[in-house]
Amino acid sequence: MTLIKSISGIRGTIGGSPNNNLTPIDAVKFAAAYGSWLKDYSGKEKLTVVIGRDARLSGEMIQNLVVSTLVGLGIDIIDLDLSTTPTVEIAVPLEKADGGIILTASHNPKQWNALKLLNEKGEFLNAEEGAKILAIAEADDFDFATVDDLGAVIKNDAYFDIHVDEVLNLSLVDADVIKAKKFKVVVDGVNSTGGIAIPKLLEALDVEVVKLYCEPTGHFPHNPEPLKEHLGDICKKVVEEQADFGIVVDPDVDRLAFISNDGEMFGEEYTLVACADYVLGKTPGSTVSNLSSSRALRDITVKHGGSYEAAAVGEVNVVTKMKENKAIIGGEGNGGIIYPESHYGRDALVGTALFLMLMAERGGTVAELRASYPSYFMSKKKIELTPELDVDGLLKAMYEKYQNEEISNIDGVKIDFAENWVHLRKSNTEPIIRVYTEAKSQSEADGLADKIISEIKIIAGI
């Protein structure tokens with residue numbers, strides 16, 4: 001049982017004792033802290049907040065607690081009920097709201113839930129804002145409204161359709177081009193809200209949809225993180241149905257993975273590569289991903305005459321770097337597509353539409369498309385930490401050891417060699433150093449990781 005308080009919100013497991021898990025008391029306290037911060041941040045007398053949730057089993061309970069708490073602060077609520085993270089993100093500015101909360105633990109298993117906090121632009125809060133909310137919660141610094149000033153709740157169930165319309169109206173999405181291809185696609189919605197949103201988009205584009213786990217019951221049929229080891233059912237289904245490809249999303253629909261027509265993983269890292277390939281071919285410009293994402297995005301960007309830059313790990317860091325560089329597309333290697341023409345947030349609906357456009361215009365199969373991209377393999381290992389280890393000292397020593405290479409220390413230590421790279425960073429949630437590598441073969445990626453781990457252990461004397 002765990003409760004993790006971070007700058008981006010609060011997440012934890014349901015049940016147990018307050019301050020150790022995400023109990024009703026914790027949900028109320030952090031909703032009150034966010035509402036209190038928002039009143040101070042906005043400087044307005046009357047506020048509106050958009051609330052939406054994924055389909056996980058605890059969602060309705062947490063939603064009722066959060067909504068009632070904000071109403072008690074005098075804040076009006078636009079209640080989207082079942083929704084997705086990107087749907088809430090686009091709803092905040094469309095409704096001219098002052099903020100938003102998404103109730104989802106993203107790819108975490110069913111026992112988890114979380115409050116993800118947004119500003120008036122529908123974007124995640126920065127570190128300073130998140131720290132203020134944690135301080136308010138710690139101090140129990142709340143001032144609730146009197147009976148005549150309580151907030152009101154307006155229910156709005158139109159936002160799945162509004163979100164689909166927003167995607168179809170993007171300048172690089174031509175519905176007629178996609179409709180003419182008569183694609184057939186299998187969708188794994190992991191029994192959450194992606195099972196509503198993704199088929200709704202596909203059906204609007206005349207795509208034949210084969211639904212797999214698309215009932216929003218919250219009973220996840222497999223581990224909800226869209227990784228190869230969890231996706232045997234859809235890989236098999238794509239081949240059985242002779243579908244053009246498969247689509248997998250996580251419970252809150254901000255991560256997107258494709259299954260090729262041959263039942264093989266397209267690769268989460270290559271979701272962004274493919275979408276960027278399409279966008280850059282139409283509108284040249286710069287791209288951004290995080291330091292732990294595949295080099296393939298850089299290769300594709302350079303091929304199109306653009307420039308690439310890496311940000312520290314974390315969506316808010318990627319968005320900040322994208323704004324600085326005026327990037328036309330960016331995201332994270334976990335299947336998160338950020339397309340600023342839509343909004344500054346990871347959005348699986350936007351990614352799906354861009355990928356359909358790429359396939360419609362380029363022709364051929366999804367397996368052939370994947371084979372056309374630079375082929376990289378990743379290794380993700382870790383070093384367990386003990387209290388006596390000086391992690392910052394270890395990272396500094398590795399930085400100095402490889403200072404003659406192309407190197408960055410904006411988020412741990414990232415060393416770019418000619419043919420491969422390694423990224424070392426301290427985990428925010430576990431007592432470990434993450435060791436990510438990428439190379440032209442799996443054995444080379446694993447070998448580089450093992451070499452770096454050995455060097456760190458020698459320096460640490462372990």
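Notes on the structure follow. (Residues numbered from 1 in each chain as written. Predicted model: local features only at pLDDT ≥ 70, side-chain atom pairs only at ≥ 80, totals over all residues. Heavy atoms only, no water.)

Notes on empty space enclosed by the protein
So, point 1. Summed over all chains, the structure comprises two cavities of 30 Å³ or more.
So, point 2. Quantified by volume, the largest cavity comes out at close to 40 Å³.
So, point 3. Glu269, Leu272, Val273, Ser289, Ser293, Ser294, Leu297 and Gly333 together form the lining of the largest cavity.
So, point 4. By residue number, the principal contributor to the lining of the largest cavity is helix 9 (residues 268-282), which donates three residues.
So, point 5. Classifying every residue of the lining of the largest cavity gives three nonpolar, four polar and one charged. (1 Å grid on protein atoms, 1.4 Å probe; cavity = no way out; pocket = protein on both sides within 12 Å on 5 of 7 lines; lining within 4 Å. Points joined across faces, edges and corners; volume = space filled by probe spheres on them. Helix = DSSP H or I, 4+ residues; strand = E, 2+ residues; numbered from the N terminus. Nonpolar A, V, L, I, M, F, W, Y, C, P; charged D, E, K, R; others polar.)

As for the pairing of strand 14 (residues 329-332)
So, point 1. Burial of strand 14 is two-sided: the residues Ile329 and Gly331 facing one way and the residues Gly330 and Glu332 facing the other way are all buried.
So, point 2. Where strand 12 (residues 287-290) lies against strand 14, two bridges are found, and the strand directions are parallel. Across the sheet, residue Val288 finds its bridge partner in strand 14, namely Gly330.
So, point 3. Pairing of strand 14 with strand 15 (residues 336-338), which is carried by three bridges, proceeds in the antiparallel orientation. What sits directly across from Gly331, in strand 15, is Ile337. (Buried < 20%, exposed > 50% of the residue type's maximum accessible area, 1.4 Å probe, protein only. Pairing = 2+ DSSP bridges.)

Quick notes on a negative patch on the surface
So, point 1. A grouping of Glu138, Asp140, Asp141 and Asp143 is seen on the molecular surface, where their side chains present a negatively charged patch.
So, point 2. Its location among the elements puts Glu138 in helix 4 (residues 127-139).
So, point 3. Judged by its relative accessible area of 62%, Glu138 falls in the exposed class. (Patch = residues over 30% accessible without salt bridge, like charges linked within 9 Å, V, L, I, M, F, W, Y side chains within 5 Å. Areas by Shrake-Rupley, 256 points an atom, 1.4 Å probe, with all protein chains shown as cover. Salt bridge = Lys/Arg side-chain N within 4 Å of Asp/Glu carboxyl O. Lys, Arg positive; Asp, Glu negative; His and termini not counted. Charge placed at Lys NZ, Arg CZ, Asp CG, Glu CD.)

Topic: the pattern of salt bridges
So, point 1. Taken as a whole, this structure holds 29 salt bridges when the rule is applied.
So, point 2. Between Asp54 and Arg56 there is a salt bridge, with the nearest N and O atoms lying 3.0 Å from each other. Here Asp54 matches Arg56 in class, with each residue buried.
So, point 3. Glu309 is paired through a salt bridge with Lys321; the nearest N and O atoms lie 3.2 Å apart. Residue Glu309 is found in strand 13 (residues 308-311), and its partner Lys321 is found in helix 11 (residues 315-325); the two are separated by twelve residues along the sequence.
So, point 4. A residue is classified by how much of its surface remains accessible, and Glu309, at 33% relative accessible area, is partly exposed.
So, point 5. Beyond isolated ion pairs, a larger network of salt bridges with shared partners links Lys116, Asp252, Asp254, Glu315, Glu332 and Arg346.

What to know about the sheet that holds strand 8 (residues 184-188)
So, point 1. Across the sheet, four strands lie side by side as 9-8-10-11; this open sheet has mixed pairing. Two strands in the sheet have a free side with no partner beyond their single neighbour: strand 9 (208-212) and strand 11 (256-259). This sheet shows a mean twist of 25° between the axes of neighbouring strands, independent of strand direction.
So, point 2. In this structure, strand 10 (residues 245-249) lies alongside strand 11, joined through four bridges in antiparallel fashion. Its bridge partner being in strand 11, Ile247 is matched across the sheet by Phe258. (Axes fitted to C-alpha atoms, helices over the stretch in contact; angles between N-to-C directions.)

On their own, these measurements won't tell you what the molecule is for.
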